[in-house]
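One letter stands for each residue in the lines below.
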Amino acid sequence: LVIDLPTRNYSFNILGSPVALLFSADTLLITLVPVLTIAGVDWVLRDHPLVRRGDVSYLFPFWMAPGLGALALCLVLTRITVWPLWIAALLAGVAVIGILLYAEYGALSIDEAGYANSRLIVTALTYVIAYVLFAAIYSQRERTVVSATQTVLITFLLSLELLAPHTIGLRKALLYSAVIAFLIGQATWALNYWNISIWSAGVLLLAFFYVGIGLSQQYHQGQLARGVLVEYGAVSLIALVVVWLLAANR
């Protein structure tokens, strides 16, 4: 809203489908703010006693929620044209990212007293971020090769955050995240052929994401029993029914 930069449009083909990339001031915002947020998160986490002692081998999983939260905030800001609402959204986003950073710091050590609360905050805000990004991607109405690819990447990164590789192991977390991302990508592919609202698509993808994360965690803990499958199956069915009813009433 402050700087008027020139716009550039580049077009090319991917697998026979035409794709256009638009570079503008919004593109600069969407690119730089998440990168700067990740840099700040890494700088703060490196001051943690466990990291300074070398007990934490990698920090990149802890970047995901704050970085993608900043991305979600930028996507919202680029769609607001009213100054008071823009400033309110910015302040709210900054507060959420600040809370998330505080929780990420507390979630570094399982032995800390506030670890459970920190993981709860990180998990809750990560699901909120996932919903915003899923809805934003679907709202673009891009070709499936673009929207599904974006959804796969977002899902993979947020899954890494929720699966906590520092506790279950990086190799397992990468494998589970890849499987979840693949399935969500396939769901996005199918949703592009279904004329539903942006919010309904976000709810459905979020439900699938929740089920994928939950089943992966239960499987890792050796608790993947029939009752668990019924529970998550019911969640998926309820989400499908709600979205179906909303689509039928449009």
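Conventions adopted
- Residues numbered from 1 in each chain as written.
- Predicted model: local features only at pLDDT ≥ 70, side-chain atom pairs only at ≥ 80, totals over all residues.
- Heavy atoms only, no water.
- Axes fitted to C-alpha atoms, helices over the stretch in contact; angles between N-to-C directions.
- Helix = DSSP H or I, 4+ residues; strand = E, 2+ residues; numbered from the N terminus.
- Left-handed = near helix turned anticlockwise from the far one by under 90°.
- Contact = heavy atoms within 4.5 Å.
- Core = buried A, V, L, I, M, F, W, Y, C linked by side-chain atoms within 4.5 Å.
- Buried < 20%, exposed > 50% of the residue type's maximum accessible area, 1.4 Å probe, protein only.
- Parallel < 35°, antiparallel > 145°, perpendicular 65-115°, else oblique.
- Nonpolar A, V, L, I, M, F, W, Y, C, P; charged D, E, K, R; others polar.
- Expected span 1.5 Å × (residues − 1).

1. Examining the packing of helix α6 (residues 144–163) against helix α8 (residues 170–191)
No. 1: Interaxial distance between α6 and α8 falls to 8 Å at its minimum, and their mutual angle equals 150 degrees. For the crossing formed where α6 meets α8, the hand is right-handed. For the pair α6 and α8, the contacting residues are Thr-144, Ser-147, Ala-148, Thr-151, Val-152, Thr-155, Phe-156, Ser-159, Leu-160 and Leu-163 in the first and Ala-173, Leu-174, Tyr-176, Ser-177, Ala-178, Ile-180, Ala-181, Ile-184, Gly-185, Thr-188 and Trp-189 in the second.

2. Some details on the environment of Leu-224
No. 1: Tracing the backbone through its elements, the reader meets Leu-224 in the loop between α9 (198–220) and α10 (226–248).
No. 2: Residues Leu-224 and Ala-164, spaced 60 residues apart in sequence, show a C-alpha to C-alpha distance of 18 Å.
No. 3: The residues contacting Leu-224, other than those within four sequence positions of it, are Leu-215, Gln-218, Tyr-219 and Leu-229.

3. Section: the nonpolar core
No. 1: Among the nonpolar cores identified, the biggest contains 38 residues, and Leu-133, Ile-154 and Phe-209 are the most heavily contacted of them.
No. 2: Elements supplying a minimum of two residues to this core: α3 (64–77), α4 (83–106), α5 (115–139), α6, α8 and α9.
No. 3: With 10 residues, the single largest contributor to this core is α5.
No. 4: In contact with Leu-133, not counting residues within four places along its chain, are Leu-68, Leu-71, Ala-72, Leu-75 and Ile-154.
No. 5: Of all hydrophobic cores here, the second largest spans eight residues; its members include Leu-45, Leu-50, Val-56 and Leu-108.

4. Things to note about the packing of α5 against α6
No. 1: The interhelical angle for the contact between α5 and α6, taken along N-to-C directions, is 180 degrees, at an axis separation of 10 Å. Taken together, α5 and α6 sit at an angle that is classed as roughly antiparallel. From α5, Arg-119, Val-122, Thr-123, Thr-126, Tyr-127, Ala-130, Leu-133, Phe-134 and Ile-137 reach across to α6, where they touch Ser-147, Gln-150, Thr-151, Ile-154, Thr-155, Leu-158, Glu-161 and Leu-162.
No. 2: Class assignment for the residues of the contact of α5 with α6 results in nine nonpolar, six polar and two charged.

5. Observations regarding α8
No. 1: Helix length check: α8, at 22 residues, gives a terminal C-alpha distance of 31 Å against a target of 32 Å (1.5 Å per residue), a fit within 8%.
No. 2: Every buried residue of α8 is accounted for by Ala-173, Tyr-176, Ser-177, Ile-180, Ala-181, Ile-184, Gly-185, Ala-187, Thr-188 and Leu-191.
No. 3: Residues of α8 that are buried in the fold lie against α5, α6, α7 (165–168) and α9.

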